[in-house]
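Chain residues, written in single-letter form:
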Amino acid sequence: GPGPGRLPVAGEGAVEGGPPDHSYSLSSGTTSEELLRKLNEQRDIIALLEVKMKEMKGSIRRLRLAEAQLREEIREKDRLLHAASTGTRKRHGL
């Protein structure tokens with residue numbers, strides 16, 4: 001275990017030399033090459049997430065436009081229905 005005055009390194013489990021607790025944890029013996037590989041993996045993940053976010057923003061924009069068009073169609077149909085029912089009442093003297 002950790003000696004006096006030494007903090008445990010992130011990822012050190014109960015078993016010395018055992019696997020790290022999490023995929024993002026680092027053991028005390030992590031080499032700079034492994035750190036670089038992990039960093040590059042995380043950069044790739046971030047880049048992928050940024051692409052997905054842009055796609056989702058585009059989808060949201062398209063959905064909002066479609067919603068606005070549908071609301072406009074509903075308003076127009078409501079207006080036509082209201083005009084038709086008003087006209088019917090006038091014709092029948094109601």
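Residues numbered from 1 in each chain as written. Predicted model: local features only at pLDDT ≥ 70, side-chain atom pairs only at ≥ 80, totals over all residues. Heavy atoms only, no water.

K.L.:
Hey, could you run me through the overall build of the chain in this one?
P.N.:
Broken down by element type, the chain carries one helix and zero strands. Residues classed as buried in the chain amount to 3% of the 94 residues present. Surface summary for the chain: the accessible area is close to 8,600 Å², and the carbon and sulfur share equals 61%. (Helix = DSSP H or I, 4+ residues; strand = E, 2+ residues; numbered from the N terminus. Buried < 20%, exposed > 50% of the residue type's maximum accessible area, 1.4 Å probe, protein only. Areas by Shrake-Rupley, 256 points an atom, 1.4 Å probe, with all protein chains shown as cover.)

K.L.:
It is not clear to me how a positive patch on the surface should be interpreted in this structure. Could you clarify?
P.N.:
Positive charge collects at one region of the surface, where Lys54, Lys57, Arg61 and Arg62 lie side by side. Residue class for Arg62 comes out exposed when judged on its relative accessible area of 55%. (Patch = residues over 30% accessible without salt bridge, like charges linked within 9 Å, V, L, I, M, F, W, Y side chains within 5 Å. Salt bridge = Lys/Arg side-chain N within 4 Å of Asp/Glu carboxyl O. Lys, Arg positive; Asp, Glu negative; His and termini not counted. Charge placed at Lys NZ, Arg CZ, Asp CG, Glu CD.)

K.L.:
Which parts of the structure should I look at to understand the pattern of salt bridges?
P.N.:
Taken as a whole and judged by the stated rule, the model has four salt bridges. In this structure, Glu41 engages Arg37 in a salt bridge whose closest nitrogen and oxygen atoms are separated by 2.9 Å. Within this pair, Glu41 and its partner Arg37 are both found in helix α1 (residues 32-91), separated by four residues, close to a single helical turn. According to the relative accessible area criterion, Glu41 is partly exposed, its value standing at 40%.

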